[in-house]
Amino acid sequence: KEVMIGLLVTIAVVIFFLGFYFLKGLDIFSRENEYYCYFDNIQGLQPSAPVQVRGMNVGRVTKTQLMDNKNVLVVITVSKKVEVTQGTTANLVASDLITGTKSVRLDIGNSTVEVANKSTLPSKIEGGVVDNLTNQVSPMLRDVRCAIAQLDSALVGISNIVSDQN
């Protein structure tokens with residue numbers, strides 16, 4: 001009976017750890033390729049954030065680390081089912097407008113040569129909806145400020161003409 005209890009406890013502990021890592025997002029039974037990306041600013045990208053290809057989750061961010069106070073290293077893992085070829089870029093994108101969460105989107109290159117495991121992928125940061133809106137509104141705000149300054153000058157002139165002395 002003691003052997004059976006010991007065996008049962010051992011199996012329960014193994015199932016607990018497998019379940020814990022599964023819920024954490026780690027797929028224990030599949031192999032994944034690991035790639036490195038360097039960004040100037042990761043804008044709040046968190047480990048376990050999704051890595052997507054054409055809107056489909058194919059991996060996750062496993063690690064973020066500050067390097068030389070200049071760049072941030074982002075380690076991503078991608079399923080071996082996805083062929084990451086030469087010319088693939090890793091883009092930091094806003095995945096949710098409301099919460100501002102970030103994810104990594106892979107734009108797969110047109111080459112037939114596959115990128116080796118543990119290689120560095122070229123990276124870039126894409127502006128989200130708020131960034132695009134700010135870029136479009138900023139020139140209009142400058143024009144409005146200029147128009148208000150001209151209107152103010154015109155009203156001062158009209159005020160001088162319509163003053164009590166005249």
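Residues numbered from 1 in each chain as written. Predicted model: local features only at pLDDT ≥ 70, side-chain atom pairs only at ≥ 80, totals over all residues. Heavy atoms only, no water.

Visitor: An account of the packing of aromatic side chains is requested, with residue identities and associated values reported.
Guide: Under the definition given, this model contains two aromatic pairs. Aromatic pair F16 and F17: ring centres 5.5 Å apart, planes at 70°, arrangement edge-to-face. Judged by its relative accessible area of 54%, F16 is exposed. Between F16 and F20, the ring centres sit 6.5 Å apart and the planes meet at 20°, which makes this aromatic pair stacked. Residue F16 and its partner F20 are both found in helix α1 (residues 2-23); the two are separated by four residues, about one turn of the helix. Given a relative accessible area of 43%, F20 falls into the partly exposed group. Through pairs of rings, three or more aromatic residues link up here, namely F16, F17 and F20. (Phe/Tyr/Trp six-rings, centres within 6.5 Å; stacked < 30°, edge-to-face > 60°. Buried < 20%, exposed > 50% of the residue type's maximum accessible area, 1.4 Å probe, protein only. Helix = DSSP H or I, 4+ residues; strand = E, 2+ residues; numbered from the N terminus.)

Visitor: Before we move on, could you go through the side chain of T85 and cite the residues and values that matter?
Guide: Residue placement: T85 occurs in the loop between β4 (71-79) and β5 (89-94). With relative accessibility at 5%, the residue T85 sits in the buried group. Among the polar contacts listed, one links the side chain of T85 to the backbone oxygen of G109, at a separation of 2.9 Å. Apart from residues lying up to four places away in sequence, T85 is in contact with I108, G109, N110, S111, V113, E114 and V115. (Polar contact = N/O pair within 3.5 Å; in protein donor to acceptor, adjacent residues only side chain to side chain. Contact = heavy atoms within 4.5 Å.)

Visitor: Got a sec to walk through the pairing of strand β3 (residues 56-67)? Specific residues and values, please.
Guide: Pairing analysis gives four bridges linking strand β2 (residues 50-53) to β3, with the strands arranged antiparallel. The residue of β3 that forms the bridge with P50 is R60. What sits between β2 and β3 in their antiparallel hairpin is a turn of two residues, with R54 showing a positive phi close to 55°. Of the strand pairs in this sheet, β3 and β4 are connected by eight bridges, and their pairing is antiparallel. Across the sheet, residue Q65 finds its bridge partner in β4, namely L73. Connecting β3 to the antiparallel partner β4 that follows it, the hairpin turn spans three residues, and D68 within it adopts a positive phi of roughly 55°. (Pairing = 2+ DSSP bridges.)

Visitor: How would you sum up a nonpolar patch on the surface? Please name residues and give values.
Guide: A cluster of nonpolar side chains, I5, V9, V13, F16, F17, F20 and Y21, forms an exposed patch at the surface whose accessible area comes to about 690 Å². Looking at V13, the relative accessible area reads 41%, which means it is partly exposed. (Patch = residues over 30% accessible without salt bridge, like charges linked within 9 Å, V, L, I, M, F, W, Y side chains within 5 Å. Areas by Shrake-Rupley, 256 points an atom, 1.4 Å probe, with all protein chains shown as cover. Salt bridge = Lys/Arg side-chain N within 4 Å of Asp/Glu carboxyl O.)

Visitor: Tell me what's going on with the pattern of salt bridges, and back it up with residues and numbers.
Guide: Under the criterion given, the structure shown has three salt bridges. For E34, the salt bridge identified is with K118, shortest N-O distance 3.4 Å. Of this pair, E34 sits in strand β1 (residues 32-39) while K118 sits in the loop between β6 (102-107) and β7 (119-120), and the two are 84 residues apart along the sequence.

Visitor: Help me get a handle on unusual backbone geometry, residues and values and all.
Guide: One non-glycine residue with positive phi stands out, namely Q43, at about 50°. Examined against the element boundaries, Q43 turns out to sit in the loop between β1 and β2. We classify Q43 as partly exposed; its relative accessible area is 31%. With a phi angle near 55°, R54 is a residue other than glycine that sits in the positive phi range.

Visitor: A description of the pairing of β5 should follow, citing residues and the corresponding values.
Guide: On a regular strand, each side chain points to the face opposite its neighbour's, so the side chains alternate between the two faces of the sheet. Where β5 meets β6, six bridges bridge the pair, whose relative direction is antiparallel. When the sheet's bridge partners are listed, N91 is paired in β6 with R105. Examined bridge by bridge, β5 and strand β8 (residues 123-125) share three bridges and lie parallel to one another. The residue of β8 that forms the bridge with L92 is I125.

From the geometry alone we can't say anything about function, so treat these as descriptive.
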